[in-house]
Amino acid sequence: MGRGLLFVVSGPSGAGKGTICQRIIRELDIDLSVSMTTRSPRTGETHGVSYYFVTRQEFEQRIEQGGFLEYAQVYDNFYGTPKEMVMERLVAGRDVILEIDPQGAMKIKESYPDGIFIFILPPSMKELRRRLTGRRTESADAVNRRLRETLTEISYIEKYDYCVVNDDLEEAVERTASIMRAEHSRVSRGVQDLIARYKEEV
Ligand code: 5GP
């Protein structure tokens, strides 16, 4: 059995990457990696589903144990991808999505260049501000800071393989799912086995 594909999805906060990923895991046979973070849970977030919420000390312990595929400081908190679950799934032939920031994505690109990197963009900064304000989980200061950070994040876009603008959610989900399906048909992925089989049959 071949390895699963590793999809790395990034994009500014409020671009809708979380919603898109949730829809994708319902529609495709694919797993979403649950990250570990030192930030506090927001209303409605559940430990082990949204994130594993841990203390700074627990996070540092895991770093020392080499338990992260990547980790990064985003805003004032630490976020990391637990290594074991992701590697186990990939080896078992399952596709995995990492929903992580560009710093983390670039680290993955170094260690796992076969990954497929997808950037989700909001239709405009005006719309992004509207979405972030509408969430009501962030103060006005935090929204302004996130908008400034967004421009820095977007500067990484050249390093990604695909970009999806989330103007209409249904369309963005379909476009992202199409990218993921198409990646399975790449000639560079495992076509040798197929050709070898053909040769045996002739
Ligand atoms: P939030 O606090 O809004 O859930 O996430 C803030 C940012 O951290 C988002 O850009 C999100 O994609 C990113 N993030 C979430 N989990 C991880 C992770 O495991 N690693 C890295 N590098 N970034 C993450």
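Before any of the text, the structure's been laid out above.
I will try to describe carefully the structure that is included in this document.

Analysis parameters
Residues numbered from 1 in each chain as written. Predicted model: local features only at pLDDT ≥ 70, side-chain atom pairs only at ≥ 80, totals over all residues. Heavy atoms only, no water. Helix = DSSP H or I, 4+ residues; strand = E, 2+ residues; numbered from the N terminus. Contact = heavy atoms within 4.5 Å. Core = buried A, V, L, I, M, F, W, Y, C linked by side-chain atoms within 4.5 Å. Buried < 20%, exposed > 50% of the residue type's maximum accessible area, 1.4 Å probe, protein only. Pairing = 2+ DSSP bridges. Axes fitted to C-alpha atoms, helices over the stretch in contact; angles between N-to-C directions.

1. Comments concerning the side chain of Ser 35
Moving on, step 1. Note on placement: Ser 35 falls in the loop between strand 2 (30-32) and strand 3 (36-37).
Moving on, step 2. In this structure, Ser 35 is in contact with Tyr 51, Tyr 52, Gly 80 and Pro 82, ignoring residues within four places of it in sequence.

2. Regarding the nonpolar core
Moving on, step 1. In this structure, Phe 7, Ile 24, Ile 97, Ile 118 and Met 180 are the most contacted members of the largest nonpolar core, which totals 20 residues.
Moving on, step 2. Of all the secondary structure elements, the ones that give two or more residues to this core are strand 1 (6-10), helix 1 (17-27), strand 2, strand 8 (116-121) and helix 7 (169-183).
Moving on, step 3. The element contributing the most residues to this core is helix 7, with five residues.
Moving on, step 4. The residues touching Phe 7, leaving out its near neighbours within four places in the chain, are Ile 30, Asp 95, Val 96, Ile 97, Leu 98, Ile 116, Ile 118, Met 180 and Glu 183.
Moving on, step 5. Among the nonpolar cores identified, the runner-up in size contains 15 residues, and Leu 6, Leu 90, Ala 105 and Tyr 112 belong to it.

3. Observations concerning the sheet that holds strand 1
Moving on, step 1. Strand order in the open sheet made by the five strands is 2-7-1-8-9, with parallel pairing throughout. The sheet is open, and its two borders are formed by strand 2 and strand 9 (162-165), each paired with just one other strand. Between one strand axis and the next, the sheet turns through 25 degrees on average, direction left out of account.
Moving on, step 2. The strands touched by helix 4 (residues 102-111) are strand 1, strand 7 (95-99) and strand 8; relative to strand 1, the strand with the most contacts, the crossing angle is about 155 degrees.
Moving on, step 3. Those strands touched by helix 7 are strand 1, strand 2, strand 7, strand 8 and strand 9, and its axis lies near 160 degrees from that of strand 9.

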